[in-house]
Amino acid sequence: IRSHRVMTWLNQAKTDANREVVILRAARRDYLTFAELRIQRLVEEACSFTPEEEEEIQSSKTKHYIPKYYRQIGWTIIVLYCLVCAFYICSFGINYGQEITVLWLSTFSLGAAEELIVLVPFKLFMLFYLLPSLLTPRLEVPRVRWVPRYSATHQAARAYPHLRASKLILENDYSVQDELVQMKLASHHHSWTRIMMAALTLIITIMPLTVQEFFLEIMIAAFFNTSVLVFVQGHANYPELLYPCAVALLLVPILKRLFSLEEHSRCSQVSAT
């Protein structure tokens, strides 16, 4: 079905440049993994409106402003809600005493502050910045060359072999056995941490968006609360051990980044010479 769709787009294209764009887009679609496709779909859904939302936006432009008495009704509902909550808190304090009421209020305040300051920003950061950063916006030429032969991209390239994009894709003269060997060799270069991170990312991305948000909130809350407890206990009991470990944890990624930049500059100098 997808091959027929790609061939239809190629036949409808008027120039060779448009056909090359179609082939390269199909190649990018074919070399992306399942997790990368899920991340791409998540980003596209976040950056676009559904047809119902577009209709609502268009209809809202033609609507009149809200009457003034609607605002008065809204403020009345808010005040009544606050009064009901205050009555509930007072009755809770009368029944259980001052100490438990103060603990409950402090817990509620900390939970609300953690939700607004920590959970929501970190969740948005992970869903709409960290996960999309795993995708490279540019076309990866080595991965284009390793597009499988059974893919729609190869069929389109064989139909139009005179295009430069088709020549790039058809450069892969390896057999299926060679492709399997190359995949095995490439898999040995990955560390266990990358494999675990990829597995965790895959598990999160294949879930619905609501379940993703639920698990991310649990993970962020657990990590934040554990970090706070470790810091408080370490500052109270082991300050001479806590601060050197914290400085070391901060210096490790910085040194790793500096070493990678130095290695990259050295490789560029060698390639230039």
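Note that the coordinates shown come from a computational prediction; the quantities given were computed from them, not determined experimentally. (Residues numbered from 1 in each chain as written. Predicted model: local features only at pLDDT ≥ 70, side-chain atom pairs only at ≥ 80, totals over all residues. Heavy atoms only, no water.)

Let's shift gears to the layout of surface pockets. Within this model, the second largest pocket holds a volume of roughly 300 Å³. Arg25, Arg28, Arg29, Leu32, Phe34, Leu37, Arg38, Gln40, Arg41 and Glu44 are the residues that line the second largest pocket. Among the elements of the structure, α2 (16-31) and α3 (34-47) are those that each provide at least two residues to the lining of the second largest pocket. The greatest single-element share of the lining of the second largest pocket, amounting to six residues, is contributed by α3. When the residues that make up the lining of the second largest pocket are grouped by side-chain class, the tally is three nonpolar, one polar and six charged. (1 Å grid on protein atoms, 1.4 Å probe; cavity = no way out; pocket = protein on both sides within 12 Å on 5 of 7 lines; lining within 4 Å. Points joined across faces, edges and corners; volume = space filled by probe spheres on them. Helix = DSSP H or I, 4+ residues; strand = E, 2+ residues; numbered from the N terminus. Nonpolar A, V, L, I, M, F, W, Y, C, P; charged D, E, K, R; others polar.)

The next subject is α2. With 16 residues, α2 extends 22 Å between its outermost C-alpha atoms, agreeing within 8% with the 22 Å of an ideal straight helix rising 1.5 Å per residue. Where α2 is concerned, the buried positions are Arg19, Glu20, Val22, Ile23, Ala26, Ala27, Arg28 and Tyr31. (Expected span 1.5 Å × (residues − 1). Buried < 20%, exposed > 50% of the residue type's maximum accessible area, 1.4 Å probe, protein only.)

Under the feature "transmembrane region" (unreviewed entry), the UniProt entry names residues 73-96, 116-135 and 241-259. Helix makes up 100% of residues 73-96 and strand 0%, and the two end C-alpha atoms of the span are 35 Å apart. Helix makes up 100% of residues 241-259 and strand 0%. Its end C-alpha atoms lie 27 Å apart. (UniProt positions renumbered as here; feature names shortened; annotations may be inferred.)

Another point: the nonpolar core. Judged by nonpolar contacts, the single largest core of 25 residues is most densely connected at Val6, Leu10, Ile23, Val144 and Ile169. Taken together, the elements giving at least two residues each to this core come down to α1 (2-12), α2, α3, α6 (98-133), α8 (152-159) and α9 (164-170). Element by element, the count of residues in this core is highest for α2, at five residues. Here this core spans two domains, since at least three of its residues come from each of domain 1 (1-50) and domain 2 (148-206). Setting aside residues up to four positions removed in sequence, valine 144 forms contacts with Ala27, Tyr31, Leu139, Leu168 and Ile169. (Core = buried A, V, L, I, M, F, W, Y, C linked by side-chain atoms within 4.5 Å. Domains from an automatic or database assignment. Contact = heavy atoms within 4.5 Å.)

Turning to the pattern of salt bridges, a few remarks are in order. If you walk through the whole model with that rule in mind, you get two salt bridges. Among the salt bridges present, the one from aspartate 16 reaches arginine 19, with a minimum N-O distance of 2.9 Å. With aspartate 16 and arginine 19 both in helix α2 and three residues apart, this pair spans about one turn of that helix. The class of aspartate 16 is partly exposed, set by a relative accessible area of 37%. (Salt bridge = Lys/Arg side-chain N within 4 Å of Asp/Glu carboxyl O.)

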